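Reading the structure
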Amino acid sequence: MNPRSPRRRAALCAVGTAVLVAVTTANAPATPAAATGEESTAEEFRPQLVTVDTPTREDKRLLQTLGLDLTEHAGHDYVEVVLHTPADVTTLLSAGLTYAVRIPDLLAREAQNNQVNAAYAAATTTSPLPSGRDAYRTLTDYDADMATLERDHPELVELITLPHRSLDGREIHGVEIGADVRGPDRGLPTFVMLGVHHAREWPSGEHAMEFAVDLVENYGTDPRITDLVNRSRVVVVPVVNVDGFELSRTDGGLIDLREVDQGGTGTILGTPGNAYKRKNCRLADGQDTPDGTCRAGSATSPGGFGTGIDLNRNYGGYWGGPGASDLFADPTYRGAEAFSEPETQNIRELVSGRHVTTLITNHTFSNLVLRPNGAAPDLVPPSEGIPLGDPFDEPALKALGDAMAAQNGYTSQHAWELYDTTGSTEDWSYNATGGFGYTFEIGPDEFHPPFPEVIDEYLGAGEYAGKGNREAYLLALENAVNPVTHSVLTGKAPAGATLRLRKTFATPTWAGAVQDTLDTTMTVGSDGRYTWHVNPSTRPVIKDRQVETVSSEPVAQQTYTGTTLPLQSTDSEFTVDRDADLLEIVLDWPTPDDMDLEVYRKDADGSLEQVGSSGNFVGEKERVLLQDPAQGTYVLRAINFASVTPTWTLTASLFEGESSTVPGLVENWTLTCEVAGQVRETVPVVVDRGQQLRVDLKACGRR
């Protein structure tokens, strides 16, 4: 999910730079032919990563006109460039630009992780994963594994094809798991598991797929799994972004410079091709290019930053707000409008057509379990004119998030505590349907780490052995089937009749709204009775909202100034010596580039516990907001990740607040009973979370 890791990236980049220099010194010829302008033959030449000197703005503009493979790694007087051929060298030298070779032979730098993966696969017959796999799947592997599950367990698994093909023309598949899965819908609650919204986040697909295999292979022998599958429908879509993943997985299997900085920014921008592609394959807004053109369209943008839509910024919930860019080339580009992409349309229709009572969307990395909301509670969307506040179901959302995090050792927190995000999957799904939604950020420090680490994250390791994400997912599935966490309709209706729940409403975006429709059905059993597990009739986004109004002036404030060189950090201390409702820390600097902010609480023994961070992308200032801060000493860490102006201002402010409730609305489902395609009865239904409501549809049985 993260454009970069907000917790370790500065340190990693510092390490990466040291490794790059060491490798260049060790491997470079004494006088590289490219650097001196001597002619280099195609047989001798290997792709190189070079640092081009651009001391003036005109030098940068000139470099941008040469058609070379520019990375997004640049400073005030340099730009890093990948030279793929001797012709690239000639072009650069003919323009009169000078450069230094950073990595003289990219092809020789086969990733350390790829080597680890190969060694593990060679030494392993069957891994401890449910599938026994010992290496990352390709897109073909995913499709084959899902087809095999259906073939071997036809009564339990149905292969589904989502309605919209990808931009490159690929079908997008998932599996639906449940007892008598091909029979009529019996009104059971649905649990949805998603992977690979972001192309480079391979473990997110692996864990989703392994959970599907786990449920199927253990059904009938494991009592807990058997009971959960009998009481639910589970839908798993392991690869949402099939085009991007195909490029990332293919290119990453060939060359992947992860060894440079363990998957950090240097890796992303230094690796040729699309091993670290994030977005989908949209090459131009509003245009569907011919199938198969994504690779060519992404070729000039390392990491695929220059093209595509960030699918996890394209959903309708508060689309267009903070944490999502309106610039096409930005890694977090949100798209021309909400749900503009076929991939997000697929998930929208999947969720809108079922009562998804719990949803998990998997990403990498940071070892986090994130819950709504994605944007800070004091932010005010223009579309609503009141602060976002905390979700209506915050206590229950937090309780489940904490319980899941206790199984894998992750940190459970609001999504906005990582950084503000709008247009994300679970913010839309939760606020539109009422079904609980979470993002898992899998692993501590890499987008696609060595495969043995993927195994440990799923099954648990160390003190979490036997737990891990597997146990966390099972807790989520238990939440999905628990009637206390959703609503239940029961009653009598004609045997075989189709019951339909439907509502159409406006989902707020940041500055407007998008129309959504939830339309779900079930079939009444042969005994003329039904039990339907549904989401509450009133959406969370329009329910009572708890809003904390802070004092206009801080009750305590301290401002710090400092100078921090690139890839370095500076710590300042702030003491909270009174009860307060909010602690706000803002980091500002004069140029539109990149600094980061981390906040720690100092324990009695002097050790530091991280309590907040802000790792926005280039050009966005950093802000951390802590609710009900405990008294004590806080360490405020300003990190110069990539700022050409090392002077900064840091302001810590304590505020008192007053909690108030913004009254909400009550919303109803429209329940219809249909026989032979004819609607015979229509009833408005108001039902709350945890409530069971009896609705007998007597008129539906009359002719």
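Note that the coordinates shown come from a computational prediction; the quantities given were computed from them, not determined experimentally. (Residues numbered from 1 in each chain as written. Predicted model: local features only at pLDDT ≥ 70, side-chain atom pairs only at ≥ 80, totals over all residues. Heavy atoms only, no water.)

Notes on the pattern of salt bridges
Summed over the entire model, instances satisfying the criterion amount to 37 salt bridges. The partner of Asp-145 in a salt bridge is Arg-137, and the shortest N-O contact between them spans 2.7 Å. For Asp-145, a relative accessible area of 22% gives the class partly exposed. Residue Arg-137 is classed as buried on the basis of its relative accessible area of 0%. The shortest N-O distance in the salt bridge between Glu-667 and Arg-539 comes to 3.0 Å. One end of the pair, Glu-667, is in the loop between strand 26 (657-662) and strand 27 (669-675); the other, Arg-539, is in the loop between strand 16 (529-534) and strand 17 (545-550), with 128 residues separating them in the sequence. (Salt bridge = Lys/Arg side-chain N within 4 Å of Asp/Glu carboxyl O. Buried < 20%, exposed > 50% of the residue type's maximum accessible area, 1.4 Å probe, protein only. Helix = DSSP H or I, 4+ residues; strand = E, 2+ residues; numbered from the N terminus.)

Structural notes on the state of the cysteines
Enumeration over the complete set of coordinates arrives at two disulfides. A sulfur-sulfur separation of 1.6 Å characterises the disulfide bridge that pairs Cys-281 with Cys-294. With the S-S bond torsion at -70°, the cross-link from Cys-281 to Cys-294 turns out left-handed. With Cys-281 in the loop between helix 10 (265-270) and helix 11 (294-298) and Cys-294 in helix 11, the pair connects residues that are 13 residues apart, well separated along the chain. Of the residues examined, Cys-281 reaches a relative accessible area of 3% and is grouped as buried. Disulfide connectivity for the protein chain, with bonded cysteines indexed by sequence position, reads 1-2, 3-4. (Disulfide = S-S within 2.5 Å.)

Digging into the sheet that holds strand 22 (residues 608-614)
Read from one edge of the open sheet, four strands run 19-24-21-22, paired in antiparallel fashion. Edge strands, defined here as strands with exactly one partner in the open sheet, are strand 19 (569-576) and strand 22. The sheet shows a mean angle of 25° between the axes of neighbouring strands, taken without regard to direction. Relative to strand 22, strand 21 (residues 594-602) runs antiparallel, the two sharing six bridges. Bridged to Val-599 within strand 22 is Gly-612. (Pairing = 2+ DSSP bridges. Axes fitted to C-alpha atoms, helices over the stretch in contact; angles between N-to-C directions.)

Thoughts on the confidence of the model for the protein chain
Averaged over every residue, the pLDDT of the protein chain is 86; residues scoring 70 or more account for 86%. Low pLDDT, under 50, characterises residues 3-42; the stretch is placed with 73 contacts to residues that sit more than four places away or in other chains. In the model, residues 71-75 has pLDDT below 50 throughout and makes 19 contacts with residues more than four positions away in sequence or in other chains. (pLDDT = per-residue confidence, 0-100. Contact = heavy atoms within 4.5 Å.)

Describing the packing of aromatic side chains
For the structure on display, the rule yields 14 aromatic pairs. Plain terms: the ring middles of Tyr-142 and Phe-245 are 5.8 Å apart, the flat faces sit at 70° to each other, and that makes the pair edge-to-face. Pair noted here: Tyr-142 is in helix 6 (residues 139-152) and Phe-245 is in helix 9 (residues 242-254), with a separation of 103 residues, a long-range link. On the accessibility criterion, Phe-245 (0% relative accessible area) is buried. Look at Phe-191 and Phe-211: their rings are 6.2 Å apart centre to centre, the planes differ by 80°, and that puts the pair in the edge-to-face class. With Phe-191 in strand 7 (residues 190-194) and Phe-211 in helix 7 (residues 202-218), the pair connects residues that are 20 residues apart, well separated along the chain. Across this residue pair, the class does not change: Phe-191 and Phe-211 are buried. Taken together, the ring pairs in this structure connect Phe-191, Phe-211, Phe-440, Tyr-458 and Tyr-473 into an aromatic cluster. Positioned above the aromatic ring of Trp-202 is the side chain of Arg-249, whose terminal nitrogen or guanidinium carbon lies 5.1 Å from the ring centre. We note Lys-279 situated over the ring of Phe-328; from NZ or CZ to the ring centre the distance is 5.7 Å. (Phe/Tyr/Trp six-rings, centres within 6.5 Å; stacked < 30°, edge-to-face > 60°. Lys NZ or Arg CZ within 6 Å of the ring centre and 35° of its normal.)

With respect to the packing of helix 15 (residues 451-459) against helix 16 (residues 468-481)
Between helix 15 and helix 16, whose axes approach to 2 Å, the crossing angle comes to 40°. The orientation of helix 15 relative to helix 16 falls into the category oblique. Taking contact as the criterion, the partners of Glu-457, Tyr-458 and Leu-459 in helix 15 are, on helix 16, Gly-468, Asn-469, Arg-470 and Tyr-473. (Parallel < 35°, antiparallel > 145°, perpendicular 65-115°, else oblique.)

Points about the nonpolar core
The nonpolar side chains of a soluble globular protein tend to be buried, and buried together. Residues Met-404, Leu-499, Tyr-530 and Leu-697 are the most contacted members of the largest nonpolar core, which totals 94 residues. When near neighbours in sequence (up to four residues on either side) are disregarded, Met-404 contacts Ile-360, Val-369, Tyr-438, Phe-440, Ala-472, Leu-475 and Ala-476. Membership of the second largest hydrophobic core comes to 21 residues, among which are Tyr-560, Val-576, Ile-585 and Trp-648. (Core = buried A, V, L, I, M, F, W, Y, C linked by side-chain atoms within 4.5 Å.)

Some remarks on the sheet that holds strand 11 (residues 411-414)
Within the open sheet, the eight strands sit side by side as 5-6-8-7-9-12-10-11. Their pairing is mixed. Looking at the sheet topology across the chains shown, the edges are occupied by strand 5 (157-161) and strand 11. In this sheet, adjacent strand axes meet at a mean angle of 20° when their direction is disregarded. Relative to strand 8 (residues 233-237), strand 7 is paired through five bridges, and the arrangement is parallel. Bridge pairing in strand 8 places Thr-190 opposite Arg-233. Lying on the sheet, helix 13 (residues 394-408) is in contact with strand 9 (356-363), strand 10 (368-371), strand 11 and strand 12 (436-441); it crosses strand 12 at an angle near 30°. Packed onto the sheet, helix 14 (residues 425-433) meets strand 7, strand 9, strand 10 and strand 12 and runs at close to 175° relative to strand 9.

Quick notes on the packing of helix 13 against helix 16
Where helix 13 meets helix 16, the axes come as close as 7 Å, and the angle between the chain directions of the two elements is 155°. It follows from the interaxial angle that helix 13 and helix 16 lie roughly antiparallel. For the element pair helix 13 and helix 16, the recorded crossing hand is right-handed. Contact residues: Leu-400, Ala-403, Met-404, Gln-407 and Asn-408 in helix 13; Gly-468, Asn-469, Glu-471, Ala-472, Leu-475, Ala-476 and Asn-479 in helix 16. Across the contact of helix 13 with helix 16, the residue classes break down as six nonpolar, five polar and one charged. (Left-handed = near helix turned anticlockwise from the far one by under 90°. Nonpolar A, V, L, I, M, F, W, Y, C, P; charged D, E, K, R; others polar.)

Observations regarding helix 15
Within helix 15, the full set of buried residues consists of Phe-451, Val-454, Ile-455, Glu-457 and Tyr-458. Along helix 15, the residues classed as buried sweep out an arc of 165° about the axis, all on the same side. Of the residues trailing helix 15, Gly-460 is marked for its positive phi of about 90°. (Arc of directions from axis to C-beta.)

A word on helix 12 (residues 342-352)
Helical periodicity: at 3.6 residues per turn, an α-helix aligns residues three or four positions apart in one direction. The buried fraction of helix 12 amounts to nine of the 11 residues, a majority that puts the element mostly inside the structure. For helix 12, the set of buried residues is Pro-342, Glu-343, Thr-344, Asn-346, Ile-347, Arg-348, Leu-350, Val-351 and Ser-352. Taken together, the buried residues of helix 12 touch strand 7, strand 8, strand 9, helix 14 and strand 15 (513-523).

Quick word on unusual backbone geometry
Here the residue pair Thr-364 and Phe-365 is connected by a cis peptide bond, since its omega of 5° sits within 30 degrees of zero. Residue placement: Phe-365 occurs in the loop between strand 9 and strand 10. Asn-373 follows Pro-372 through a cis peptide bond whose omega is 5°. Here Asn-373 is to be found in the loop between strand 10 and helix 13. Located in the positive-phi region is Asp-180, a residue other than glycine, with phi close to 55°. Secondary-structure assignment places Asp-180 in the loop between strand 6 (173-177) and strand 7.

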